[in-house]
Protein chains: 2
Amino acid sequence: MTFSSKLIEKAVEAFATLPGIGRKTALRLVLHLLKQDKLVTEQFAAALVSMREGIRDCRICHNLADEELCQICADQRRDRSLVCVVESIRDLMAIEDTGQYRGLYHVLGGIISPIEGIGPGELNIDSLTERVQEGSIKEVIMAISPTIEGETTVYYISKKLQESGVLVSAIARGVAFGGDLEYADELTLGRSIVARIPYGR
Amino acid sequence: MTFSSKLIEKAVEAFATLPGIGRKTALRLVLHLLKQDKLVTEQFAAALVSMREGIRDCRICHNLADEELCQICADQRRDRSLVCVVESIRDLMAIEDTGQYRGLYHVLGGIISPIEGIGPGELNIDSLTERVQEGSIKEVIMAISPTIEGETTVYYISKKLQESGVLVSAIARGVAFGGDLEYADELTLGRSIVARIPYGR
């Protein structure tokens, strides 16, 4: 791609460093900004900079926060006896989007993965055990992806929480709603039979 | 999508105003920036702002320019007797990418389109006739898409340039390289037979 402007070239390269944005898409975005008023670009840049500078780690649950506490931890209407442990902020948002959960969260910031060199020390596990030791939490729900690394992480955390006596649960696994039994994988289908639920519950 | 942070929400909405970027992609981009150093976001924002504030319209050809003249018009090694008329900066870049053209350009900024309410007055046509009247231009190459609007624009401009006596040419049309004759449209195939070229040229 031949640029006849250094300013355009730098802006295209800036966009192209973002994941999933190639140079052709980057050029389209730059030409779009050029068609708009200068103010649009200024406001766009300002929104990103103030987000990046202002965003904090929630002191309690490690969710993204604008203040010392995130909006969820600060919300007094939420059930403070329930903590849902998630791998990432994306998973937290996915659960929030269901509208089915009214407790608090704890964001691990990853899962134990010896291959990627992520041990328990890299994750927010100590702060979870400290929260549980304070005594007001009755149940810790493990909402971790059912992969080998996920299962390892769940096992490690449940062992850590064992002596506190808190109830540790895991999200239900089974055939997805609208899923076709024929196409469900063997492991999921097998578990869904073993962990069957009385009809009507 | 439920956000627990106003800062994140604003940044996601900023990205989502860009063409082809939905809210899910926008969130992915924001989370990517959060994983990087603050400096990355600052430099990204600065590149966009200085591009938008600094970019100018080349005084001669209306290409994007960092200075009064674009890099192409300022380049003394280019053939100043040839002017290639293009609809947009994207088309100019596409021709530059071929590496086959060493003349100058003239960016119209659109084509005549009564449906979209774009008349000759909205396009950079007067500045083209002025350039031609100065006398140093020998040939004007019309590199406009062969659509009805494009043909109208080419006809209008060639009429305007008629009295100056400058040679007006149009880019060759025919079957694309690597194209299969069987799948070429009738009009293109028909014209490519009528406008056949002596073999070896």
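Shown above is the structure to which this text applies.
Residues numbered from 1 in each chain as written. Chains lettered and ligands numbered in written order. Predicted model: local features only at pLDDT ≥ 70, side-chain atom pairs only at ≥ 80, totals over all residues. Heavy atoms only, no water.

Peer 1: Just give me the short version of the sheet that holds strand 6 (residues 167-170) of chain B, but keep the residues and values in it.
Peer 2: Residues and elements named next belong to chain B. Strand order in the open sheet formed by four strands is 4-3-5-6, with parallel pairing between adjacent strands. Of all the strands in the sheet, just strand 4 (103-107) and strand 6 have a single pairing partner and so form its edges. The mean inter-strand angle of the sheet, taken between neighbouring strand axes irrespective of direction, is 30 degrees. Across the sheet, helix 6 (residues 126-133) touches strand 3 (79-86), strand 4 and strand 5 (139-143), and the angle it forms with strand 4 is around 150 degrees. (Pairing = 2+ DSSP bridges. Helix = DSSP H or I, 4+ residues; strand = E, 2+ residues; numbered from the N terminus. Axes fitted to C-alpha atoms, helices over the stretch in contact; angles between N-to-C directions. Contact = heavy atoms within 4.5 Å.)

Peer 1: How would you explain unusual backbone geometry if you had to name every residue and give the values?
Peer 2: Residues and elements named next belong to chain A. Phi at His62 is positive, roughly 65 degrees, even though this residue is not glycine. When you line up the elements, His62 lands in the loop between strand 1 (56-57) and strand 2 (64-65). Here His62 falls in the buried class, since its relative accessible area comes to 13%. (Buried < 20%, exposed > 50% of the residue type's maximum accessible area, 1.4 Å probe, protein only.)

Peer 1: Just give me the short version of the state of the cysteines, but keep the residues and values in it.
Peer 2: Residue and element names in this part refer to chain A. All told, the structure shown has zero disulfides over all chains when counted by the stated rule. Free cysteine: Cys58, not disulfide-bonded; nearest cysteine sulfur from Cys73 at 3.8 Å. Take Cys61: it sits in no disulfide, and the sulfur closest to it among the cysteines is that of Cys73, at 3.6 Å. (Disulfide = S-S within 2.5 Å.)

Peer 1: Give me the lowdown on the sheet that holds strand 6 (residues 167-170) of chain A, citing residues and values where you can.
Peer 2: Residue and element names in this part refer to chain A. Strands sit in the order 4-3-5-6 across an open sheet of four strands; the sheet is parallel. Since the sheet does not close on itself, it has two edges, and those belong to strand 4 (103-107) and strand 6, each with one partner. Across the sheet, the mean angle separating the axes of adjacent strands is 30 degrees when strand polarity is ignored. With four bridges connecting them, strand 5 (residues 139-143) and strand 6 associate as parallel partners. From the neighbouring strand, Met142 faces strand 6, where its bridge partner is Ala170. In this fold helix 5 (residues 89-98) packs onto strand 3 (79-86), strand 4 and strand 5, with an angle of close to 160 degrees to the strand it touches most, strand 4.

Peer 1: Report on the interface of chain B and chain A, specifying residues and quantitative values.
Peer 2: How large an interface is tends to be reported as the accessible area lost when its parts come together. On the chain A side, the residues contacting the 50 residues of chain B number 50 residues. For the pair chain B and chain A, the summed buried area comes to about 5,000 Å², and 70% of that belongs to carbon and sulfur atoms. When the buried area of chain B at its contact with chain A is split by residue, Ser4(B), Leu7(B) and Arg52(B) rank highest and sum to 14% of it. Our count for the contact surface shared by chain B and chain A stands at 14 residue pairs in polar contact (both at pLDDT 80 or more). At the level of secondary structure, the elements contributing two or more residues to the side of chain B that touches chain A comprise helix 1 (6-16), helix 2 (23-35), helix 3 (38-54), helix 4 (71-74) and helix 5 (89-98) of chain B. Per-element accounting of the side of chain B that touches chain A gives the leading share, 13 residues, to helix 3 of chain B. Tallied by class, the residues present in the side of chain B that touches chain A amount to 26 nonpolar, twelve polar and twelve charged. (Buried area = accessible area lost by both parts, 1.4 Å probe. Polar contact = N/O pair within 3.5 Å; in protein donor to acceptor, adjacent residues only side chain to side chain. Nonpolar A, V, L, I, M, F, W, Y, C, P; charged D, E, K, R; others polar.)

The values are spatial; any link to function lies outside them.
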